[in-house]
Amino acid sequence: MRYAMLIFGDDREWTALSPADEQDLMKQVYAWYERWQPTGKIADGGAELEDRTAAKTVRAGGNGQPVITDGPYLELKEVIGGIVILECDDLDEATRIAATWPLGAGMSAVEIRPVMSRE
């Protein structure tokens, strides 16, 4: 079964990292991928998201027309900064793998959620 691993953090902390700290963090992330990719547990290499200021939000308007706003609609400290799709036997296994993600340096939490299949 597939599970989405949503990586949360404060993107203001990410953008404030020194080049050396950013390089160290990326080494930890690459090491995580090197550990889990050969096991077949990573179904998709994932995606790192741009800063939330680059976002647009589309919502239904009162007249049935879409309303588009710049950036995220809510003012949140933590935002989703990346996503990885895992292929695991169950939620417990996905949680064990996600628990090895290198937290810190602006990455404060990882949420694991089953991916719906409508087959």
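Residues numbered from 1 in each chain as written. Predicted model: local features only at pLDDT ≥ 70, side-chain atom pairs only at ≥ 80, totals over all residues. Heavy atoms only, no water.

Draft legend 1. How the structure looks around the sheet that holds strand S6 (residues 107-114). Across the sheet, four strands lie side by side as S2-S5-S1-S6; this open sheet has antiparallel pairing. The outermost strands of the open sheet, each flanked by one partner alone, are strand S2 (42-48) and S6. Neighbour-to-neighbour, the strand axes of this sheet turn through a mean angle of 20°, independent of strand direction. Where strand S1 (residues 2-9) meets strand S5 (residues 79-87), eight bridges bridge the pair, whose relative direction is antiparallel. For Phe 8, the partnering residue across the bridge sits in S5 and is Ile 80. Seen against the sheet, helix H2 (residues 19-36) touches S1, S2, S5 and S6 and runs at an angle of roughly 165° to S2. Packed onto the sheet, helix H3 (residues 91-98) meets S1, S5 and S6 and runs at close to 160° relative to S6. (Pairing = 2+ DSSP bridges. Helix = DSSP H or I, 4+ residues; strand = E, 2+ residues; numbered from the N terminus. Axes fitted to C-alpha atoms, helices over the stretch in contact; angles between N-to-C directions. Contact = heavy atoms within 4.5 Å.)

Draft legend 2. Main features of the side chain of Glu 93. Locating Glu 93 in the fold gives a position in helix H3. One polar contact links Glu 93 to Lys 41, side chain to side chain, over a distance of 2.8 Å. What Glu 93 contacts, discounting residues up to four positions off in sequence, is Lys 41 and Cys 88. (Polar contact = N/O pair within 3.5 Å; in protein donor to acceptor, adjacent residues only side chain to side chain.)

Draft legend 3. Summary view of the confidence of the model for the protein. Summarising the model, the protein shows a mean pLDDT of 84, and 94% of its residues fall at 70 or more. No element of the protein has a lower mean pLDDT than helix H1 (residues 11-15), which averages 77, and none a higher one than H3, which averages 92. (pLDDT = per-residue confidence, 0-100.)

Draft legend 4. Representation of H3 within the structure. Taken together, the buried positions of H3 are Glu 93, Ala 94, Ile 97 and Ala 98. Looking straight down H3, one finds that the buried residues subtend no more than 135° of arc, so they occupy a single side. For H3, the exposed residues set more than 90 degrees away from the buried face come down to Asp 92 and Arg 96. Considering only its buried residues, H3 is in contact with S1, H2, S5 and S6. At the N-terminal boundary of H3, the capping side chain belongs to Asp 90, with an oxygen 3.2 Å from the backbone nitrogen of Asp 92. (Buried < 20%, exposed > 50% of the residue type's maximum accessible area, 1.4 Å probe, protein only. Arc of directions from axis to C-beta.)

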